[in-house]
Structure formats: structure tokens, C-alpha cells
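# Summary of the model geometry
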Amino acid sequence: SQQGEEDPQALSIQEGENATMNCSYKTSINNLQWYRQNSGRGLVHLILIRSNEREKHSGRLRVTLDTSKKSSSLLITASRAADTASYFCALYNTNAGKSTFGDGTTLTVKP
Amino acid sequence: DTEVTQTPKHLVMGMTNKKSLKCEQHMGHRAMYWYKQKAKKPPELMFVYSYEKLSINESVPSRFSPECPNSSLLNLHLHALQPEDSALYLCASSRTDTDTQYFGPGTRLTVL
């Protein structure tokens, strides 16, 4: 299955700490995207990283991709209570012609 | 305009009803998607339209019928649904089917 496996399933940290979540996958991908979803709402796109890229930054977000290990990580630095949400990786494979979402990590940032 | 809109926000329907969900985008995107999401689960792809043609149907039951009247609009027609079809239905669009997907806020569907 192309579906990503994310870990941890749940993460609880204090405001100001860093949060790291990981996504591993089994087949080759063309790009990998990270999304955030606040409870019961639509998904917000965070970062897209292509298979020939190793690291991307956006504000407090840092995404890495290791295609040899078939894994990606999302780092949120200096977390805020507003970062509390579910985070999903989505894997795009040209052969399949679609993206498949991982199971998600639920992040809770305590004020 | 950089958003995807969905109507209605909430929908309650009986198993014999016929209803439709609507999705609209004005970003010039040529790919549009329907996803179904159950509580505490990731979104599951249902349909993909690329250049107004259905390109992917993930073996969705025929009680769900998608329609793409033009490049800005995507509908999902619902008929004879089951209570297990209750979920959040998300629409998304992207420039092409390989690009970043932008999601609408979803329609919360309850089937009684």
C-alpha cells in the first residue's frame, strides 16, 4: 500500500517546545505534502516537497524527505496553542495518479 | 479568489432522500476532488475530475454520483444513502492533478 504511516499517533507538548512527526511509506513517490486539520474542518496545505528535494522551510515549519529511507518528517518549532490540530502527510505517485493520506498525528500544545 | 467553497455546511437526510453537495472554486484549477472523512480518520479519495472529465472513481457505490458541469463547479449527488455514509465530505481543487490540493471546509452529512 502507498498509504503513509505516521508516528506518533498522538503528541502532547508544552507551548514553546518543538514538535516532530514522521511519515513513512512503502512505494516510490513524486511528491509528499503535509496538511493541517483543525477539528472538523477542511485541510490546510503546509508544505509540498518533491522527490528530488531533501529539506524545505516555511516559517516555523521544517520538512525533510529521505527517499532512501522512504520517510519524511515535519518539525514545528516554538509551538503555540494554536498549532493544536491533526497533521497528515499525503503521498503523490504518478503511476497511481493520485495522493494518498497517512493516518495522521494529533498534536496537542498546552498553554 | 484563493478559496474552495462548499455548500451546505451541514446536511441531514433520510435514507430515501435525494440531495446534492456543491463545490466551487475560481482559481482556474483544472483538477477537482471529492473525499470522505470519518471521525479520527484520514480523508479517503472518492473521485477525481481532471479537465472536467472523471479520471478516478475509487470504487464508490453508485448511490454517490459526481458531476462536473464546468471547470469551476463540482457536485456530488446523493441518493438512497445509508447511515454509515454519515461523514465529513471534503472537496478539493488543484492546478493540475499533480499539484497542491486546496480544500474546502467540508459538508457534515448525517444520514438518518
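Source: prediction; values computed, not measured. (Residues numbered from 1 in each chain as written. Chains lettered and ligands numbered in written order. Predicted model: local features only at pLDDT ≥ 70, side-chain atom pairs only at ≥ 80, totals over all residues. Heavy atoms only, no water.)

## Examining the state of the cysteines
Considering all chains together, one arrives at two disulfides over all chains under this definition. Each disulfide pairs two cysteine sulfurs, and for A:C23 the partner residue is A:C89, the sulfurs being separated by 2.1 Å. Disulfide A:C23 to A:C89: torsion about the S-S bond roughly 65°, handedness right-handed. Separated by 66 residues along the polypeptide, A:C23 in strand β3 (residues 19-24) and A:C89 in strand β9 (residues 85-93) bring together distant segments of the chain. Covalently, B:C23 is tied to B:C91 through a disulfide, its sulfur atoms 1.8 Å apart. What sets the handedness of the B:C23 and B:C91 disulfide is the S-S torsion sign, and at about -70° it is left-handed. Of this pair, B:C23 sits in strand β3 (residues 18-25) while B:C91 sits in strand β9 (residues 87-94), and the two are 68 residues apart along the sequence. The same class applies to B:C23 as to B:C91, namely buried. B:C23 provides the cysteine sulfur closest to B:C68, a residue in no disulfide bond, and the two sulfurs are 9.3 Å apart. (Disulfide = S-S within 2.5 Å. Helix = DSSP H or I, 4+ residues; strand = E, 2+ residues; numbered from the N terminus. Buried < 20%, exposed > 50% of the residue type's maximum accessible area, 1.4 Å probe, protein only.)

## Let's talk about unusual backbone geometry
Cis geometry is adopted by the peptide bond preceding A:P8, which originates at A:D7 and carries an omega value of -5°. Here A:P8 lies in the loop between β1 (5-7) and β2 (10-14). Cis geometry is adopted by the peptide bond preceding B:P8, which originates at B:T7 and carries an omega value of -10°. By the element assignment, B:P8 lies in the loop between β1 (4-7) and β2 (10-13). For B:K40, which is not glycine, the phi torsion reads 60° and is therefore positive. Mapping B:K40 onto the fold places it in the loop between β4 (31-37) and β5 (44-50). Looking at B:K40, the relative accessible area reads 85%, which means it is exposed. A positive phi angle, near 55°, is found at B:S59, a position not held by glycine. On the secondary structure map, B:S59 appears in the loop between β6 (53-57) and β7 (64-70).

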